[in-house]
Amino acid sequence: MTGIRHLVSIDDLSLAEVMELFQRAREFGKDLRAWSHLCRGMISASLFYEPSTRTRLSFESAMLRLGGGVITAAEMKTSSAAKGESLADTVRVVGEGYADLIVLRHTSEGAARLAAENSSVPVINAGDGSHEHPTQTLCDLYTVWIEKERLEGIDVVLAGDLKHSRTIHSFAYALARFGANLICIPHQGFEMPNYVLARLKEEYGAQPLRVDASRLGEMAAESDAVYLTPQKPHQLSLFTDARGLRVDRVDAVYMTRPQTERHEVGDDKDSLEGYLTLGQEGMASEPLRNALLMHPLPRRDEISQEFDKDPRAMYFKQAARGVPVRMAILSVLMGRLELKARANENKKRLVEVVAGPNPCPNPTCISHTELRHVKANFTISSRSPLRAACGYCCRELPIAFVGCSTTRNFHSRDSAAAKQIRPDHLVFFRDEQEAESSGFVATGR
Ligand code: CP
């Protein structure tokens, strides 16, 4: 569907639009009860295929404060999804008269994009698997902006389960665009995924420093600065100081819980023992003296309750600010407020192809479940060597051979013939057998 504005990825907003939304949110936040005229007569639908407290209730509160109404399927088990109805059909039904906007949370990566493709009303991604959670990122960035009065060039530590945390992924993309310095402190085995690191580097020129979780403890040492030596030796070249990165001031530490509901076969669940916990002691060092301690919540034991009264504790403020921030998002997407800032023109273009097997390697991508509705689309990261990512979940596609949908010939990925194929004629294959069984013929070998 064209002409409708969705919020599927944090990249759907330009940085100027983000700042304009924040100005609006600040106005809304001065008196949440003063805006009940803005979306009168409008209805938003909450479609939640996964549990939520903050995201759903703050969206619904925001809609009610704007004078609109809300319909909710908070337990999709009680909807016709339990009878096998597809997500595409569900959003189509809800968008045709039931509601003027859909807020969707789903277990599968890429679900919000697929919903947007099939919806006649705006779709907001309220979290899709381990992929993205753009409105949480807006609450997080808004909190940093309110507290630090700037977003450009800040120093942020991202800690915990960086592998599965969608809030971390969207936050990292946005921070990178604002030129932030990112220090990743993953729990062992739960490092930032390669597809996220690739996007950070290729699209925003950001290379997070990765350090061992034990190094955060060193920050607690009584010193003015901590030298963090990177875990990967080649990263050292990024820093002029041979001792590593001199960290004498961190603006924010963003902590996440183990996302056990998304842990996969192969994840070492036993290794959660020793998961980082932060409290007064962990936040005591000089570099962390003015650092905001952030968490999207819910928390388990990652932040001790004794820290809640500390002025650096931001997690309940992040949750509270969800209402004015989401009021701003809703009123813009429902056309009741206009953003004057220019849209994000650097967003990667989705290429849609006509043929071929689904090459996405991610078993929990929506493209593997909504077979009747999924479009074969992808983004190209580079043409030589050819690298492409799934248009739904952004995972890099394992490509060994490429075909042309018009000639029905296929070639090895890095051949000269492969480079000549028009992007929208590309068909990806993992191996020759897959190409041949799809009716393609080998040439030039
Ligand atoms: N932060 C967040 O998404 O919280 P909920 O899961 O409660 O919505």
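Residues numbered from 1 in each chain as written. Predicted model: local features only at pLDDT ≥ 70, side-chain atom pairs only at ≥ 80, totals over all residues. Heavy atoms only, no water.

**Here's the deal with the side chain of Arg-321**
- Checked against the element boundaries, Arg-321 lands in the loop between α9 (315-320) and α10 (322-333).
- Overall, Arg-321 belongs to the buried group, its relative accessible area being 16%.
- The residues touching Arg-321, leaving out its near neighbours within four places in the chain, are Tyr-142, Thr-143, Ile-146 and Glu-147. (Helix = DSSP H or I, 4+ residues; strand = E, 2+ residues; numbered from the N terminus. Buried < 20%, exposed > 50% of the residue type's maximum accessible area, 1.4 Å probe, protein only. Contact = heavy atoms within 4.5 Å.)

**Topic: helix α7 (residues 194-204)**
- Of all the residues in α7, the buried ones are Tyr-195, Val-196, Ala-198, Arg-199, Leu-200 and Tyr-204.
- The inward-facing, buried residues of α7 contact α6 (166-177) and β14 (386-390).

**A few points about the site of the ligand**
- Within the structure, the ligand sits among Ser-52, Thr-53, Arg-54, Thr-55, Arg-105, His-133, Gln-136, Pro-296 and Leu-297.
- In this structure, Pro-296 approaches the ligand through a main-chain N or O atom, which is 2.9 Å from a nitrogen atom.
- For the ligand, a nitrogen atom lies 3.0 Å from a polar atom in the backbone of Leu-297.
- Relative to its free-state accessible area of 250 Å², the ligand is covered by the protein chains to the extent of 91%.
- Classifying every residue of the shell around the ligand by side-chain character gives two nonpolar, five polar and two charged.
- Mapped onto the domain boundaries, the shell around the ligand takes at least three residues apiece from domain 1 (10-131 + 320-333) and domain 2 (135-316). (Near = heavy atom within 4 Å. Polar contact = N/O pair within 3.5 Å; in protein donor to acceptor, adjacent residues only side chain to side chain. Areas by Shrake-Rupley, 256 points an atom, 1.4 Å probe, with all protein chains shown as cover. Nonpolar A, V, L, I, M, F, W, Y, C, P; charged D, E, K, R; others polar. Domains from an automatic or database assignment.)

**Quick notes on unusual backbone geometry**
- Going from Leu-297 to Pro-298, the amide bond is cis rather than trans, its omega being 5 degrees.
- On the secondary structure map, Pro-298 appears in the loop between β11 (292-294) and α9.
- A cis amide bond links Ser-384 with the next residue in sequence, Pro-385, at an omega value of 0 degrees.
- Looking at the secondary structure, you find Pro-385 in the loop between β13 (377-383) and β14.
- Positioned with a positive phi, Leu-297 is a non-glycine residue whose angle comes to about 65 degrees.
- As for its position among the elements, Leu-297 is in the loop between β11 and α9.
- On the basis of relative accessibility, which here comes to 11%, the residue Leu-297 falls in the buried class.
- Even without being glycine, Cys-394 reaches a positive phi, approximately 70 degrees.
- Here Cys-394 shows up in the loop between β14 and β15 (401-404).
- The exposure class assigned to Cys-394 is partly exposed, which follows from its relative accessible area of 22%.

**Regarding the layout of surface pockets**
- Each pocket or cavity is described by its volume, and for the largest pocket that value is around 950 Å³.
- Taken together, 37 residues form the lining of the largest pocket, with Asp-12, Arg-113, Lys-347, Lys-348 and Leu-350 sitting closest to its centre.
- Looking at the lining of the largest pocket, the elements that each hand over two or more residues are α4 (111-117), α7, β13 and β14.
- Classifying every residue of the lining of the largest pocket by side-chain character gives eleven nonpolar, ten polar and 16 charged. (1 Å grid on protein atoms, 1.4 Å probe; cavity = no way out; pocket = protein on both sides within 12 Å on 5 of 7 lines; lining within 4 Å. Points joined across faces, edges and corners; volume = space filled by probe spheres on them.)

**Quick word on the sheet that holds β13**
- Taken together, three strands build an open sheet; the order of strands is β12-β13-β14 and the sheet is antiparallel. Both edges of this open sheet fall to β12 (351-352) and β14, since each of them pairs with a single strand only. (Pairing = 2+ DSSP bridges.)

**Notes on a nonpolar patch on the surface**
- Together, Ile-71, Val-93 and Tyr-98 give the surface a local cluster of nonpolar side chains, amounting to about 260 Å² of exposed area.
- By the element assignment, Tyr-98 lies in helix α3 (residues 87-98). (Patch = residues over 30% accessible without salt bridge, like charges linked within 9 Å, V, L, I, M, F, W, Y side chains within 5 Å. Salt bridge = Lys/Arg side-chain N within 4 Å of Asp/Glu carboxyl O.)

**A short note on the pairing of strand β3 (residues 101-106)**
- Of all six residues that make up β3, six are buried, and the element is covered over most of its length.
- One ladder, built from four bridges, connects β3 with strand β4 (residues 123-128); its direction is parallel. In the strand pairing of β4, Val-103 is matched with Ile-124.
- As a crossover connection, the stretch from β3 through α4 into β4 is right-handed. (Right-handed = clockwise from strand over helix to strand, strands pointing away.)

**Some points on the nonpolar core**
- Counting 64 residues, the largest nonpolar core has Leu-138, Leu-141, Leu-158, Leu-175, Met-192, Leu-200 and Leu-330 as its most contacted members.
- With eight residues, the top contributor of residues to this core is α10.
- Shared between two domains, this core holds at least three residues of each, these being domain 1 (10-131 + 320-333) and domain 2 (135-316).
- Excluding residues that lie within four positions of it along the chain, Leu-141 makes contacts with Val-18, Phe-22, Leu-151, Phe-171, Ala-174, Leu-175 and Phe-178.
- Judged by nonpolar contacts, the second largest core, of 38 residues, contains Ala-73, Cys-390, Ile-421 and Leu-426. (Core = buried A, V, L, I, M, F, W, Y, C linked by side-chain atoms within 4.5 Å.)

Don't take any of this as a statement about function, it's just geometry.
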